[in-house]
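One letter stands for each residue in the lines below.
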Amino acid sequence: KERKSNKEYVKKLFGTGANKDDLKMNLSGSYMGPTLHLEKSFVKISKPFVTVSTLKAKGSEEAVKALEFIKDYECKQAAGPLRVTLVRIADGVMPGPKDESIIKWVQEWKSESYYRDMTQSKRTIDTQQEIKDCAETQSVIEFNDAQHFR
């Protein structure tokens with residue numbers, strides 16, 4: 001045992017985290033709480049194309065508006081992703097502060113080409129503009145080699 005006591009160890013451990021003001025927050029973990037999930041197809045594609053989007057809205061009200069735009073778009077669209085999961089960080093039950101302006105969503109598509117085609121549809125372009133009007137920033141990470149493991 002290289003440390004004199006657990007108190008010394010805890011001081012060093014807490015000091016390694018990003019939050020220097022509230023050291024407990026460094027151990028709080030990731031998002032815990034409700035998600036919204038829409039399963040449009042029970043078809044499993046062995047190598048789907050997956051996108052993970054993060055939106056930082058201009059404020060709490062804009063985050064709620066953007067979430068409603070996304071839900072409405074996904075529910076009314078006959079074509080589109082096979083499934084989508086939405087998370088509003090403010091709805092989390094994890095400890096600590098929650099950014100009321102952040103929304104994340106994951107979409108699973110049949111293929112990258114199908115995703116690219118869908119992003120060019122008028123409805124998608126119009127909805128994306130409504131979402132952008134609510135956004136301070138938005139990012140999309142694409143996974144073109146996602147795989148189901150079961």
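The shown structure was predicted, so the numbers you read here are calculated from the model rather than taken from an experiment.

Which residues make up the overall build of the protein, and what values do they have?
Each helix and strand in the protein was counted, giving 4 helices and 5 strands. Mapped in sequence order, the helices and strands of the protein form the string α-β-β-α-β-β-α-α-β. A total of 150 residues make up the protein; the buried ones form 31% of that total. Within the structure as shown, the protein displays about 10000 Å² of accessible surface, and the carbon and sulfur contribution to it stands at 54%.

Outline the nonpolar core, supporting the account with residue identities and numerical values.
Counting residues in each nonpolar core, the largest one holds 13 residues, and the members touching the most others are Leu 55, Ala 66, Ile 70, Leu 86, Ile 103 and Trp 105. Residue assignment for this core shows that the elements contributing at least two residues are β2 (49-57), α2 (60-76), β3 (83-88), β4 (102-109) and α4 (122-134). No other element matches α2, which puts 4 residues into this core. Apart from residues lying up to four places away in sequence, Ile 70 is in contact with Leu 86, Trp 105 and Ile 131. With 5 residues, the next largest nonpolar core counts Phe 49, Trp 109, Tyr 115 and Met 118 among its residues.

Tell me about the side chain of Glu 74, and please be specific about residues and values.
Tracing the backbone shows Glu 74 in helix α2. When residues no more than four places from it in sequence are discounted, the contact partners of Glu 74 are Leu 38, Lys 40, Pro 81, Val 84 and Gln 107.

An account of the pattern of salt bridges is requested, with residue identities and associated values reported.
What the rule picks out here adds up to 12 salt bridges. With a closest N to O distance of 3.8 Å, Glu 74 and Lys 40 form a salt bridge. Of the two residues, Glu 74 is situated in helix α2 and Lys 40 in the loop between β1 (36-39) and β2; the sequence distance between them amounts to 34 residues. You can call Lys 40 partly exposed: its relative accessible area is 27%. We note a salt bridge from Glu 108 to Arg 83, for which the minimum N-O separation is 2.7 Å.

Definitions and cut-offs
Residues numbered from 1 in each chain as written. Predicted model: local features only at pLDDT ≥ 70, side-chain atom pairs only at ≥ 80, totals over all residues. Heavy atoms only, no water. Helix = DSSP H or I, 4+ residues; strand = E, 2+ residues; numbered from the N terminus. Buried < 20%, exposed > 50% of the residue type's maximum accessible area, 1.4 Å probe, protein only. Areas by Shrake-Rupley, 256 points an atom, 1.4 Å probe, with all protein chains shown as cover. Core = buried A, V, L, I, M, F, W, Y, C linked by side-chain atoms within 4.5 Å. Contact = heavy atoms within 4.5 Å. Salt bridge = Lys/Arg side-chain N within 4 Å of Asp/Glu carboxyl O.

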